[in-house]
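Here is what each chain is made of, one letter per residue.
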Amino acid sequence: MKVLSAAFNLFIVAWCLGAGDCGAEQGATAAAPQEILLDNGLCALFQPNAHTPTVAVSASIAVPASRESRLTAGIRHLLATMLGCPRQMSDAASEPPTALQIDSAATRDHVELLVQCLPHDFPSVLRLVRQQLFELQLSPDRFEAARRETLTAIQATRRRPVALARSTIVEELYPRQPGSWPVHGSIASMSAITLGQVRRLYQDSFWPNAVVLSVSGDLPATEVTAQVQSCFGDLLPGKMAHIPEQFSPHAALEEPRRLIMHGVDNSVVVVAGRAPTLADPDYPAAAVLSTLLGSGMGSRLFLALRAEQNLAYTIQAALTPSRACSYAYVLVTCSQVDVDAAQAEIWRQLRSIIRDGVSDAELERAKRFVTNRFVLSKQRNPDIAHYLAMFYGTAGAEGLETYQQFPTRVAKVSAEQAQQMCANIFTRPATVIVEGNKQPAAEHSLMN
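As the structure is a prediction and not an experimental result, all values here were calculated from the model.

(A) Representation of helix α8 (residues 221-232) within the structure. Along its twelve residues, α8 runs 16 Å from first to last C-alpha, staying within 8% of the 16 Å computed at 1.5 Å per residue. Among the residues making up α8, those that are buried are Val224, Val228, Cys231 and Phe232. Buried residues along α8 cover an arc of 75° about the axis, so they all sit on one side. Along α8, exposed side chains directed more than 90 degrees from the buried face belong to Thr222 and Ser230. Buried residues along α8 sit against β2 (34-37), β3 (43-48), α3 (122-134) and β7 (211-217).

(B) Highlighting the side chain of Ser104. Topologically, Ser104 is positioned in strand β5 (residues 101-106). Residue Ser104 is classed as buried on the basis of its relative accessible area, which comes to 0%. Side-chain polar atoms of Ser104 contact the backbone oxygen of Ala80, separated by 2.7 Å. Within the local environment of Ser104, its side chain forms a polar contact with the backbone nitrogen of Gly84, the two atoms lying 3.4 Å apart.

(C) Fine view of the pairing of β5. Buried residues dominate β5, accounting for five of its six residues. Taken together, the six bridges between β5 and strand β6 (residues 110-117) define a ladder with antiparallel strand orientation. Bridge assignment links Ala106 to a residue of β6, and that residue is Val111.

(D) Seen up close, the environment of Lys378. Note on placement: Lys378 falls in the loop between α12 (360-377) and α13 (381-411). Distance from Lys378 to Asn49, taken between C-alpha atoms, is 9.3 Å for residues 329 residues apart in sequence.

(E) Molecular detail of the nonpolar core. Grouped together as the largest cluster of nonpolar side chains are 58 residues, with contacts concentrated most on Leu293, Leu305 and Phe426. A total of twelve residues in this core trace back to one element, the largest contributor, which is α13. Among residues more than four places away in sequence, those in contact with Phe426 are Val271, Ala272, Gly273, Leu289, Leu293, Ala328, Val330, Trp347 and Leu350. With 52 residues, the next largest nonpolar core counts Ile102, Val111, Met190 and Cys231 among its residues.

Definitions and cut-offs
- Residues numbered from 1 in each chain as written.
- Predicted model: local features only at pLDDT ≥ 70, side-chain atom pairs only at ≥ 80, totals over all residues.
- Heavy atoms only, no water.
- Helix = DSSP H or I, 4+ residues; strand = E, 2+ residues; numbered from the N terminus.
- Expected span 1.5 Å × (residues − 1).
- Buried < 20%, exposed > 50% of the residue type's maximum accessible area, 1.4 Å probe, protein only.
- Arc of directions from axis to C-beta.
- Contact = heavy atoms within 4.5 Å.
- Polar contact = N/O pair within 3.5 Å; in protein donor to acceptor, adjacent residues only side chain to side chain.
- Pairing = 2+ DSSP bridges.
- Core = buried A, V, L, I, M, F, W, Y, C linked by side-chain atoms within 4.5 Å.

Quick look at the structure:
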């Protein structure tokens, strides 16, 4: 399985890498996606794209992390791993798809399967998606292989300071909230999960009325509609009871959470706060603020931490608008001796924005970066299919409207809105520090 990575911070505005001035008009004038709603509740979205001779199909299944428990955390990650490893097409009369690329991943809101192909393979790919979503073979061998792969990923996370800091910060922001645990679970939960539990979650969750299917590529709309109806129209819907997310109170965090990681050179400081979701009208302002803070060499934190004081190796700022645990963060890597100075400078810059606001120049730069990165993401079918499914699956019609109008909404973000968003997000934050220690630990590689 090739696991989706950058895209799966759920539209994190690591949109920070765009350059030039593509203009909001290019992103706003594209043809609107066509919505196809089957009688069984499956929703399909089609975005025509004649600029590339490929097709991308994303299938997003609404199964939130809150459906797990701490003892079964990562069970959806196991299912995603198995989704990304298809068996042979069972229909011997069908020509198997060629030149496939299959990706899969779990987020806190969804499990997603993303398949890329050539246009003539579109019908075969739809059959493959149906097979993986609704006829998945959960054999003991596949289960154990997925568990081994997940344990390897967990161990790798525990050896990387940035990954550890990011997985820890969510639980600091949302203490005791269902779904705040790491998406891939823990070593303890992976050791406890049984194949029977995986099968039960699969049988309870993988129904057509829980799926958003999105297609982007050089295909006629009539063909997409006909093929989707032919492939999925005979499936029966399931009983999908809507269970609202339960949010824990803000934690009273006076001191940073400090971890020591032995055998590594770099240290990490991450400061995060609860943030708007895709359905929130303030989401564009949060995207602009995130970019303004830590995207590119002209960002506020890069200038303060690198250009002026040389306190940090790398700087990140991102926004992860999950329904369950939506948050924004700024993160820097630095040497162990600079940890306290880097943390103090991050806080100085955040308080400066909350107190004094932002300049017109840095606001316009951030808005251009967000818009340019968004326009660039609409050039590739995998990105289009993924984001269509994600926006619609996370926020329904409101999310799709946000996706279609995003450049226009970004252009309207004011300096006052960016300032207020900084206050909203970072007034009650959490801080995690992972201190790198070059010396290997005597017994443990990680300790509090």
